[in-house]
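# Per-entry structural report
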Amino acid sequence: MAPEPQPIRHHPLSNTSSDIVDIAIIGAGAAGLMAAIFAGRSAPPGTKIVLLDGAKKIGAKILIAGGGRCNVTHDVVNSADYFGGTSNNTVKKILKSFSVSETTEFFRGLDVELKREDTGKLFPTTDSSRTVLDALLKAIHHAGVELRKECRVLKVQRDESNRFVIQIDHAMPLVADRVILATGGKALPDSGSDGFGYNLAKHLGHTVTETWPALVPLVLQDNNWLTTLSGITLDVELTLSGKTGKALYRQAGPMLLAHFGITGPAAMDISRHLRDYPEHAPRKLTANLCPDMTFDELDQTFLDLAKKHPTRSVSSMLKRRFPERFAEALLDRHLGIDFDLPLAHLNKEDRKAICHALTALPLPVVGDRGYKFAEVTAGGVPMTQVQTATMASKTCDGLYLCGEILDVDGRIGGYNFQWAWCTGRLAGLAVASQYSTEPQQ
Ligand SMILES: Cc1cc2nc3c(=O)[nH]c(=O)nc-3n(C[C@H](O)[C@H](O)[C@H](O)COP(=O)(O)OP(=O)(O)OC[C@H]3O[C@@H](n4cnc5c(N)ncnc54)[C@H](O)[C@@H]3O)c2cc1C
């Protein structure tokens, strides 16, 4: 039997009278919102700008960011804080286009005061992400941009007049002269950023490099003793080294032990590098738990203490520096050394084994927790395919790209939002300048 014909479902927010627009921005995350604000503010009156997003609720990532406080940016932002297949100079130019002080000033203009914390991270003084999101949404409204939620874009193609025809799920297609693609990457896919934007970019002539989760917790081998110490934080220096033992990348900072493996700033920051350097495979990750001492200094400390306090236990010495649970598990479970053993009875072999464990503790990483737990995506549309000054596509006239969709990812600390603010602003200003002969600020 032939299937019942289905009624055509029109989107509740679609409006057939406004389906031809000047500028369509796809993706209302940090980059898309910023692009919308600057496009709306700079384009001449009457320019029709719409901001489309597939999500029902806008700004999921802004709300969740920084533990609900939104780490808007960092006090000091340099090109060295970013990675990806692009030159330092390109990133530097883009960061320079909208400095941290200009960013702070911009947010002040939206009534969002930022405060600097000891780590250098900048947060809203309200300690609430909601302040940031509400201010951005208010600003797009004031800039005259129409926000359309629940508008999942399925396809973007050119028509015979070279305009963009945007196919939207359950809604009339939208025709636009110019398009800004700000669909993010694949991190936190439930938020709506599931990587589909890469398909849209490919359809418009771009390529996409290999992508993988970055700023992501790392999974250790099953039954690794560290996974029983969930909740313990250690200050470490992590080293990623290649098959010859050569250090490829180092990252200092706090590392948090979890039931699956390791997380916290140091582990998350180094995560994207674990897939780098394929020519050096197999690579291994180790933690130095005493970054302020060399192996020999540590060894000498043990010898000195054994002389001074021969009856004290080995674990009592470790407990002066590390949490008790960690000190006991390191000796007992990892090294098989009695933690009540007096220092005077510690033989040379065991002493060296402890020093090795404290300066180069093996972290047998078997994978990561995937995009669901990642804060950002490594890889994306190569920066060589966009004009640095305008974010305009070099392969598709009238198209602009900004934010995480590009092959640039930053460290933890507000750097990824700064990238979104900078690139979104550039794209918004550039697209608006196409409608005006007036010089843009
Ligand atoms: C848990 C978490 C915490 C974070 N904390 C911080 C932090 O404190 N500081 C910091 O600097 N960075 C942080 N980040 C990273 C930061 O959120 C991102 O780098 C940034 O949001 C990227 O902005 P974007 O606009 O490029 O992409 P996104 O924010 O991912 O926005 C893309 C938007 O496009 C929409 N979209 C995607 N595909 C389509 C489609 N086909 N049709 C219509 N719409 C579509 C999505 O719904 C989404 O709204 C965090 C990330 C996560 C996951």
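What you see is a predicted model; the values in this text were computed from it and never measured.

Segmenting the chain into domains produces domain 1 (16–212 + 371–433) and domain 2 (217–369). For domain 1 and domain 2, the distance between their C-alpha centroids amounts to 40 Å. Interface area for domain 1 against domain 2, summed over the two sides, is near 1000 Å², with a carbon-plus-sulfur share of 57%. Considering only the surface of domain 1 that becomes buried against domain 2, Trp212, Phe373 and Ile412 emerge as the three largest contributors, covering 57% of it. In this structure, the connection of domain 1 to domain 2 is made through two salt bridges. In this structure, the salt-bridge partner of Asp269 is Arg411, at a minimum N-O distance of 3.9 Å. Remark: the boundary between domain 1 and domain 2 carries three residue pairs in polar contact (both at pLDDT 80 or more). For the side of domain 1 that touches domain 2, the residue count by class is six nonpolar, one polar and four charged.

Around the ligand, the structure places 31 residues, and the nearest of them are Asp53, Lys61, Ser193, Glu404 and Phe417. Interatomic distance of 3.4 Å between a backbone N/O atom of Asn416 and an oxygen atom of the ligand. Tallying contributions element by element places helix H2 (residues 60–68) first for the shell around the ligand, with four residues. For the shell around the ligand, the per-class residue count stands at 13 nonpolar, 13 polar and five charged.

On to the pairing of strand E1 (residues 20–26). Summarising burial for E1: six of the seven residues are buried, a large majority. Two strands pair when backbone bridges link them, and E1 and strand E10 (residues 174–181) are joined in this way by six bridges, in the parallel orientation. The residue bridging Val21 from the neighbouring strand is Ala176, located in E10. Alignment of E1 against strand E2 (residues 49–52), held across four bridges, turns out to be parallel. Along E2, the bridge assignment pairs Ala24 with Val50. Taking the sense of rotation as the criterion, the β-α-β connection linking E1, helix H1 (residues 30–42) and E2 turns out right-handed.

Reading the values: rules and limits
Residues numbered from 1 in each chain as written. Predicted model: local features only at pLDDT ≥ 70, side-chain atom pairs only at ≥ 80, totals over all residues. Heavy atoms only, no water. Domains from an automatic or database assignment. Buried area = accessible area lost by both parts, 1.4 Å probe. Salt bridge = Lys/Arg side-chain N within 4 Å of Asp/Glu carboxyl O. Polar contact = N/O pair within 3.5 Å; in protein donor to acceptor, adjacent residues only side chain to side chain. Nonpolar A, V, L, I, M, F, W, Y, C, P; charged D, E, K, R; others polar. Near = heavy atom within 4 Å. Helix = DSSP H or I, 4+ residues; strand = E, 2+ residues; numbered from the N terminus. Buried < 20%, exposed > 50% of the residue type's maximum accessible area, 1.4 Å probe, protein only. Pairing = 2+ DSSP bridges. Right-handed = clockwise from strand over helix to strand, strands pointing away.

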